[in-house]
Amino acid sequence: MDQSGVLLWVKAEPFIVGALQAPAPSKFSLHYLRKISTYVRTREGAYPRLYWSTWRHIACGKLQLPKDLAWLYFEIFDSLAAKAPEERLEWSEILSNCTSEDEVEKQRNQLSVDTLQFLLFLYIQQLNKVSLRTSLIGEEWPSPRNRSQSPDLTERSSCHNKNWNDYSHQTFVSDHLSDLLELLLDPEQLTVSSHSTHSSLVSREAVVALSFLIEGTVSRAKKVYPLHELALWQPLHAESGFSKISKTFSFYKLEAWLRACLTGNPFGTSACLKSGKKLAWAHQVEGTTKRAKIACNTHVAPRMHRMVVMSQVYKQTLAKSSDTLVGAHVKIHRCNESFIYLLSPLRSVTIEKCRNSTFVLGPVQTALHLHSCDSVKVIAVCHRLSISSTAGCVFHILTPTRPLILSGNHTVTFAPFHTHYPMLEDHMARTGLATVPNYWDNPMIVCGENSDTRVFRLLPPCEFYVFIIPFEMEGDTTEIPGGLPSVYQKALGQREQKIQIWQKTVKEARLTKDQRKQFQVLVENKFYEWLINTGHRQQLDSLVPPAAGSKQAAG
């Protein structure tokens, strides 16, 4: 078979979920990663599986990284591994039973990751590297927070966020292919200066590791294969450079074959926007949807490649809970003055350049990231939250990892998760998310401006209210999973008491029928005034008619 029948592309998930949206530590440069690559092969507990204790020794002892940063990268990579939800829940239970930092360390020491894939993962952290030249002309993340209207979210304009831009992924891998392959070579296949030679041989294990970043298909077949399965396929041995005798690949043949077959990701953001299906929404107000673009690729993409892109939703209430969203990577872009409910188990969510909006999300299995948003409220259970260049945003979250405050944020508020919908606990179980441990109130400042803790606050209990999701669905969850922290529960109790006193006062006033009517009008007027002043009126108006919306929301 000729090699034109093989299409290879760079996988989206390692970049969308795995590349932290901040410049990588300088110690993740190729120079240091090559040293690590050589070092791990001589250490116990370092190859082919790298244990946390060994990585901690390398990261803290040799690269001089703080321990929490070393753990952050190890844990992000581990969250990408294919594990059953039960395994994730079991890990949460183990951690929540630990009573000291030493016990936590003891448990972490039992964790290991694939060494070669982890090296590739550390290398791709350079995706968001800021070069002085491009940051001056403003093309590279993090861009200055500008309010000017940039072009719509079309094929190439999603470049602002490299994690979601499949052209960036492809370019990154093509530009650094030799480095990536050299990183995977056994040390004896390298010259003294750590470069490959014409006779360098690549092990099968190395090509299996490269499947972390690359996959493909044969003759436009529907089935997607990991890279190593295609490279080891008998008819392709001549092209991929595999020798049955040595059970290795020729470095130069393999590299040439990869370059010849690399193409755009058929399940990436651009393909989704170009040929994705328009989504129908359970609940939306007519008349203001002209600019909104909502596309998904679930009709063509395999389950692990699902993507939903929403852009320019304005003054809308949108609600959806359906199989289309299950396990999808969701990107929400330039939505203003809207209420968006996505009540399904999601793989990852990125919210970018949105303003004055509320997002209520089903459990997010991996990463929830916000970039360049103003006055946005996010309510979610998620594995990890990270934020960059946001202003005045509020996060009601339940999360087993510390929220990451990246650069450029102002007045961030963290608050406990404060809502529920009937299927929530079922969705949490499907994504492997438990109610403990919960680090909503212990954020970590990564690459922050002087690590200034004044960038965030915890919501004062006196400002706390629960949030009601106004849709009917089937399901068993009837309360907030894990309950509320006691100080917030107490604040609600005190408020409840005030209402009871007020009701008692009204009852004991023994008003006449006319007085009662007059009093009711007065209260309703005050309430209406309050609705307008707080902006809640728009939210209520956009929920009419509730009958149609609530039935469809579950559809």
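This is a predicted model, so every value here is computed, not measured. Here the residue index of a chain counts from 1 through its sequence in written order. Owing to the predicted nature of the model, reporting of local features is limited to residues with pLDDT of at least 70; listing and counting of side-chain atom pairs is limited to 80 or more, with chain, interface and lining totals taken over all residues. In computing side-chain properties, one takes all heavy atoms of the structure into account and sets aside hydrogens as well as water.

*Asks:* Please provide a residue-by-residue account of the overall build of the protein chain, values included.
*Replies:* Secondary structure summary: the protein chain contains 20 helices and 23 strands in total. For the protein chain, the residues scored as buried account for 51% of the 555 residues in total. The protein chains shown are the only cover counted for residues, whose accessible areas, like all others here, come from Shrake-Rupley with a 1.4 Å probe. Put simply, the protein chain shows about 26,100 Å² of open surface, and 54% of that area lies on carbon and sulfur atoms. Each helix is a run of H or I in the DSSP string that is no shorter than four residues. Each strand is a run of E no shorter than two, and both are numbered from the N terminus. To sort residues, take the accessible area from a 1.4 Å probe on protein chains only and compare it with the maximum for the residue type: under 20% means buried, over 50% means exposed, and anything in between is partly exposed.

*Asks:* Before we move on, can you summarise unusual backbone geometry with the specific residues and values?
*Replies:* Both trends apply: most residues other than glycine have a negative phi, and most peptide bonds are in trans. Cis geometry marks the peptide bond from Tyr47 to Pro48; its omega dihedral reads 5°. Tracing the backbone through its elements, the reader meets Pro48 in the loop between α2 (30-40) and β2 (49-51). Positioned with a positive phi, Ser372 is a non-glycine residue whose angle comes to about 55°. Counting through the fold element by element, Ser372 comes out in the loop between β17 (364-371) and β18 (377-388).

*Asks:* Tell me what's going on with the pairing of strand β14 (residues 339-342), and back it up with residues and numbers.
*Replies:* Remember that side chains alternate between the two faces of the sheet whenever the strand is regular. Burial along β14 is two-sided: the residues Phe339 and Tyr341 and Ile340 and Leu342 are all buried. For two strands to be treated as a pair, DSSP must find at least two bridges joining them. Pairing of strand β12 (residues 317-320) with β14, which is carried by four bridges, proceeds in the parallel orientation. Each residue of the ladder has a partner; that of Lys320, found in β14, is Leu342. Where β14 and strand β16 (residues 358-361) come together, four bridges link them in parallel fashion. Directly across from Tyr341, in β16, lies its bridge partner Val360.

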